[in-house]
Amino acid sequence: MASGPCMVFRDTQKSMIENMHIDRKPSTVLTVIDRIYHPIAQNLGVSLLLRNKINQEIQFPPRFFINLIQITGNLVANAIKFTSPNGFVDVVFTLNTDEVHSTLNVTVTDTGKIISPELVTAINKSKKVAKLMGADAAEDNFGTRLEYVIELVSEESGRIFVKSEKGLGTIFSLSLPLPNIYMIRRNGFPSILKNGSVLLNGSQNSNSRTFS
């Protein structure tokens with residue numbers, strides 16, 4: 001992995017693995033991103049917006065939690081790098097749940113430089129992108145971060161869709177499947193979320209939490 005933000009995430013990963021008693025929630029992911037990248041964005045005059053629109057207190061599996069931090073962080077690093085002062089980077093988490101599947105949706109939008117049409121097509125068709133990375137991308141670690149994101153998304157059986165247009169910026173839309181059964185917490189007590197229903201003390205419950 002490259003130095004800089006990628007190195008920071010490697011150290012963060014090690015620390016989190018050693019302290020897995022922390023809540024592995026969507027809001028925790030955004031808290032980590034905020035602590036690392038808000039000062040960088042602020043120094044560059046870029047607005048960093050982080051929004052969690054998931055209305056359940058999900059506890060991600062450990063590996064998924066770490067990978068999600070890596071995926072989101074590297075996309076944010078690239079977005080901030082190529083966004084001009086007074087621009088913005090917007091990150092949104094949402095969740096789609098039905099009787100069979102649960103999917104985490106991650107959207108990273110920026111007003112920075114656009115990505116070449118050839119690279120956009122390659123990413124959207126799940127093709128290898130290394131040969132489409134120019135020297136500038138390598139020097140800025142853009143290519144390294146993007147390849148790592150693609151690798152991790154594939155590891156989680158997810159999909160990436162990119163849209164990049166002049167004057168509008170770039171949008172990375174990710175869909176990451178979640179296990180049908182995963183842990184959540186209510187007031188310190190673990191409960192099970194299965195097929196979209198929360199089972200807590202024999203009854204259904206719901207909660208809402210946002211990261212602002």
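Counting from 1, residues in each chain are numbered in the order their sequence is written. At least 70 in pLDDT is required for a residue's local features to be given in this predicted model, at least 80 for side-chain atom pairs to be given and counted, and no such filter applies to totals for whole chains, interfaces and linings, which use all residues. To obtain the side-chain values, all non-hydrogen atoms of the structure were used and water was disregarded.

Draft legend 1. Fine view of the pairing of strand E4 (residues 102-110). Most of E4 sits out of view: seven of its nine residues are buried. At least two bridges found by DSSP between two strands are what make those strands a pair. Helical segments are the DSSP runs of H or I of at least four residues, strand segments are the runs of E of at least two, and each set is numbered from the N terminus. Alignment of strand E3 (residues 88-97) against E4, held across nine bridges, turns out to be antiparallel. Bridge pairing in E4 links Phe93 to Val106. Relative to strand E6 (residues 169-178), E4 runs antiparallel, the two being bridged by nine bridges. Within E6, the position partnered with Val108 by the bridge is Phe172. Burial here depends on accessible area, computed with a 1.4 Å probe over protein chains only, as a share of the maximum for the residue type. Under 20% is buried, over 50% is exposed, and the range in between is partly exposed.

Draft legend 2. Representation of the sheet that holds strand E1 (residues 47-52) in the model. Across the sheet, five strands lie side by side as E1-E3-E4-E6-E5; this open sheet has mixed pairing. Strands at the two margins of the open sheet, each flanked by one partner only, are E1 and strand E5 (159-165). Pairwise comparison of adjacent strand axes, ignoring direction, gives a mean angle of 10° for this sheet. Contacts: residue pairs with any heavy atoms within 4.5 Å of one another. Here an angle of 0 to 180 degrees is reported between the N-to-C directions of two axes, which are lines fitted to C-alpha atoms, with helices fitted over the stretch in contact. Packing of helix H2 (residues 26-43) onto the sheet brings it into contact with E1 and E3, and relative to E1 it is tilted by some 175°. Contacting E5 and E6, helix H4 (residues 117-124) crosses the sheet at an angle of about 160° to E5.

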